[in-house]
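Residue strings, one per chain:
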Amino acid sequence: MHIELKCFASIVNPGTCDYVGGTAYELKEGQTVEDLIQAAGVDKEKLKIAFVNGRVVAFDTVLQPGDQVGLAPAVGGM
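Below: a short report on this structure. (Residues numbered from 1 in each chain as written. Predicted model: local features only at pLDDT ≥ 70, side-chain atom pairs only at ≥ 80, totals over all residues. Heavy atoms only, no water.)

### As for the overall build of the protein chain
Item 1. Scanning the protein chain from N- to C-terminus turns up one helix and five strands.
Item 2. The helix and strand sequence of the protein chain, counted from the amino end, reads β-β-α-β-β-β.
Item 3. On C-alpha atoms alone, the protein chain measures out to a radius of gyration of 11 Å, which is about the 12 Å that the 2.2 N^0.38 rule sets for 78 residues.
Item 4. The principal-axis extent of the C-alpha atoms belonging to the protein chain is close to 35 × 25 × 20 Å.
Item 5. Counting only residues that meet the buried cut, the protein chain has 36% of its 78 residues in that class.
Item 6. If you take every contact in the protein chain between residues at least 6 apart in sequence, the share linking residues at least 24 apart comes to 54%.
Item 7. For the protein chain, the accessible area works out to roughly 4,500 Å², and carbon and sulfur atoms hold 51% of it.
Item 8. Side-chain charges in the protein chain split into 6 positive and 10 negative, and the spacing between the mean points of these groups amounts to 6 Å. (Helix = DSSP H or I, 4+ residues; strand = E, 2+ residues; numbered from the N terminus. Rg over C-alpha atoms; globule rule 2.2 N^0.38 Å. Buried < 20%, exposed > 50% of the residue type's maximum accessible area, 1.4 Å probe, protein only. Contact = heavy atoms within 4.5 Å. Areas by Shrake-Rupley, 256 points an atom, 1.4 Å probe, with all protein chains shown as cover. Lys, Arg positive; Asp, Glu negative; His and termini not counted. Charge placed at Lys NZ, Arg CZ, Asp CG, Glu CD.)

Right under this line is the structure:
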């Protein structure tokens, strides 16, 4: 299934987790936000919030085809 991933602030890494245009990933049915984090090579310890289609979700949220995922680190007053 096709998933689009965007990263914000200090976790941006062009090619694996970009902000501009996002990065496409192909995952298997039943995989989670955490599986996507691992596939992208993002350090989960640096993350504060995950979004799926604009809503804050837990890292164990199961993804659906076409989901747009955003990852954000702890910044400022978070």
